[in-house]
Amino acid sequence: MPLREPARTVKSVWIIAIVAAVLQVALSPQISIAGGTVNFMMVLAFTLALSSEAGSAAIIGFACGLFYDMTSAAPVGLMALILCFASFVIASSARGALGGLTRDSVRLVVVATFAANLFYGFCLFLLGVQTNLLWALLGHGLSSTVLNSLVSLAFLAILGGASTQRGFTARTKSSRYKIPR
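We now turn to the structure provided with this report. (Residues numbered from 1 in each chain as written. Predicted model: local features only at pLDDT ≥ 70, side-chain atom pairs only at ≥ 80, totals over all residues. Heavy atoms only, no water.)

## So, the packing of helix H4 (residues 78–94) against helix H5 (residues 103–127)
For step 1, the next point in the chain: Running from amino to carboxyl end, H4 crosses H5 at an angle of 155°, the nearest separation of the two axes being 10 Å. The orientation of H4 with respect to H5, classified from their angle, is roughly antiparallel. Read as a crossing pair, H4 and H5 show a hand that is right-handed. Contact with H4, carried on its side by Leu78, Met79, Ile82, Ile90, Ser93 and Ala94, involves Leu108, Ala112, Ala116, Phe119, Tyr120, Cys123, Leu124 and Leu127 of H5 and no other residues of that element.
For step 2, the next point in the chain: Its residues assigned to classes, the contact of H4 with H5 comprises 13 nonpolar, one polar and no charged. (Axes fitted to C-alpha atoms, helices over the stretch in contact; angles between N-to-C directions. Helix = DSSP H or I, 4+ residues; strand = E, 2+ residues; numbered from the N terminus. Parallel < 35°, antiparallel > 145°, perpendicular 65-115°, else oblique. Left-handed = near helix turned anticlockwise from the far one by under 90°. Contact = heavy atoms within 4.5 Å. Nonpolar A, V, L, I, M, F, W, Y, C, P; charged D, E, K, R; others polar.)

## Some thoughts on the nonpolar core
For step 1, the next point in the chain: The biggest cluster of nonpolar side chains holds 37 residues, and the ones touching the most others in it are Met41, Leu44, Phe46, Tyr120 and Phe155.
For step 2, the next point in the chain: Contributing elements (two or more residues each) for this core: helix H1 (10–26), helix H2 (40–49), helix H3 (54–71), H4, H5 and helix H6 (133–161).
For step 3, the next point in the chain: Per-element tally for this core: the top contributor is H2, with nine residues.
For step 4, the next point in the chain: Apart from the residues lying within four places of it in its own chain, the contact partners of Met41 are Ala20, Ala21, Gln24, Cys64, Phe67, Tyr68 and Leu83. (Core = buried A, V, L, I, M, F, W, Y, C linked by side-chain atoms within 4.5 Å. Buried < 20%, exposed > 50% of the residue type's maximum accessible area, 1.4 Å probe, protein only.)

## A word on the side chain of His140
For step 1, the next point in the chain: By the secondary structure assignment, His140 is in helix H6.
For step 2, the next point in the chain: Apart from the residues lying within four places of it in its own chain, the contact partners of His140 are Gly35, Gly36, Thr37, Tyr120 and Trp135.

Given below as structure tokens:
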């Protein structure tokens with residue numbers, strides 16, 4: 001059964017994607033803290049994957065990763081592969097039910113960001129781009145995870161603001177089930 005998010009329009013997703021692309025090109029190369037950089041495309045792919053189907057999340061992840069690869073000095077296709085696979089896993093585990101600034105969505109995005117950054121650093125070490133494995137994993141991977149996690153909070157809040165309240169009703173004290181009195 002296909003999942004649909006009626007409140008999250010295609011127009012708002014395109015606006016967020018364009019803003020993330022501009023930030024990736026203009027701001028990301030300028031910010032480097034402890035060897036880590038912000039990957040706005042990773043954050044965009046993971047936050048959109050929370051409320052998407054697995055197939056469309058993989059396509060979004062691939063497109064975001066390819067854009068990142070084309071705008072960075074890293075091997076082309078590596079981030080596209082990582083984001084495609086990670087977005088598929090996020091969408092499969094979230095089953096389209098997560099989104100917004102909730103504890104579960106933040107936890108899932110942070111864990112996926114940490115795993116993707118560690119795998120990316122390990123692959124860069126294997127390809128010879130990074131010469132020190134410890135620096136590739138802990139220096140670049142951990143600091144990039146912290147920066148991406150902070151940015152993902154803003155993206156989750158923005159994308160969650162457009163979504164409706166997830167539940168059976170908008171009223172707070174009602175339930176789907178009748179309670180015997």
